[in-house]
Amino acid sequence: MKQIKYYVCPTCKSISFSTGDPEISCCKRKLTALEPKKAEEGEKLSVTVIEDDWFITSAHPMNKEYYISFLAFASGDRISVIKQYPEWDFNVRIPKRGHGMLIWYSTKHGLLYQLL
């Protein structure tokens, strides 16, 4: 699951995932897989442990032009995806399950990740 490919439509912002090499199209456009890049220190999300969960927050703007569209946690055997919307506060709570990649899509910076 750590090698899953992510696709985001630039028109309607819908998200798709694949473990293979499909041809995906949306809004009459062929989509290409996004290349995740490692988040720099100032881009990383804040992760704290609360009970048996990770509580994830960010000071990232969440307005209509510039927001985090989704957050995913990928481990060896599963992926959890949480869709986000503009003008919502960005705070997410997901079950803490071992190590993996925290992946998110910013409408301005693209697909980013950090290791947990």
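Scroll up a little and you will see the structure.
Only a predicted model underlies this, so the values are computations on that prediction, with no experimental measurement involved.

**Q** I keep staring at the sheet that holds strand S10 (residues 91–95) and nothing clicks. Help me out?
**A** With antiparallel pairing, three strands are arranged side by side in an open sheet as S6-S7-S10. Lying at the two open borders of the sheet, with one neighbouring strand each, are strand S6 (46–50) and S10. Here the average twist between neighbouring strands, direction ignored, is 25°. Sheet analysis places S6 next to strand S7 (residues 53–57), joined by five bridges and oriented antiparallel. Each bridged residue has a counterpart across the sheet, and for Val49 the counterpart in S7 is Trp54.

**Q** Is there a simple way to explain the nonpolar core in this structure?
**A** Counting residues in hydrophobic clusters, the biggest one holds 15 residues, and the most contacted among them are Leu45, Ile56, Leu71, Phe90 and Trp104. Looking at this core, the elements with two or more residues in it are S7, strand S8 (68–74), S10 and strand S11 (101–106). With three residues, the top contributor of residues to this core is S8. Apart from the residues lying within four places of it in its own chain, the contact partners of Trp104 are Ala39, Glu43, Lys44, Leu45, Ile68, Phe70, Leu71, Gly110, Leu111, Leu112, Tyr113 and Gln114. Membership of the second largest hydrophobic core comes to eleven residues, among which are Tyr6, Val8, Phe70 and Tyr105.

**Q** Before we go on, may I ask you to explain the sheet that holds strand S9 (residues 79–83) in this structure?
**A** Hydrogen bonds between backbone groups are what pair the strands of a sheet, and the pairing can be parallel or antiparallel. Reading across the sheet, the five strands line up as S5-S12-S11-S8-S9 and stay open at both edges, with mixed pairing between neighbours. Only two strands of the sheet have a single partner each, and these edge strands are strand S5 (37–38) and S9. Bridge count between S11 and strand S12 (residues 110–115): six bridges; the pairing is antiparallel. The residue of S12 that forms the bridge with Ser106 is Gly110.

**Q** Teacher, can you tell me more about the environment of Glu43 here?
**A** Topologically, Glu43 is positioned in the loop between S5 and S6. Put simply, Glu43 and Lys30 are 13 residues apart on the chain and 29 Å apart in space, counted from C-alpha to C-alpha. Dropping the residues within four chain positions of it, Glu43 is found in contact with Lys38, Trp104, His109 and Leu112. Reaching out from Glu43, the side chain makes a polar contact with the backbone nitrogen of Glu40 at a distance of 2.9 Å.

Definitions and limits used
Residues numbered from 1 in each chain as written. Predicted model: local features only at pLDDT ≥ 70, side-chain atom pairs only at ≥ 80, totals over all residues. Heavy atoms only, no water. Pairing = 2+ DSSP bridges. Helix = DSSP H or I, 4+ residues; strand = E, 2+ residues; numbered from the N terminus. Axes fitted to C-alpha atoms, helices over the stretch in contact; angles between N-to-C directions. Core = buried A, V, L, I, M, F, W, Y, C linked by side-chain atoms within 4.5 Å. Buried < 20%, exposed > 50% of the residue type's maximum accessible area, 1.4 Å probe, protein only. Contact = heavy atoms within 4.5 Å. Polar contact = N/O pair within 3.5 Å; in protein donor to acceptor, adjacent residues only side chain to side chain.

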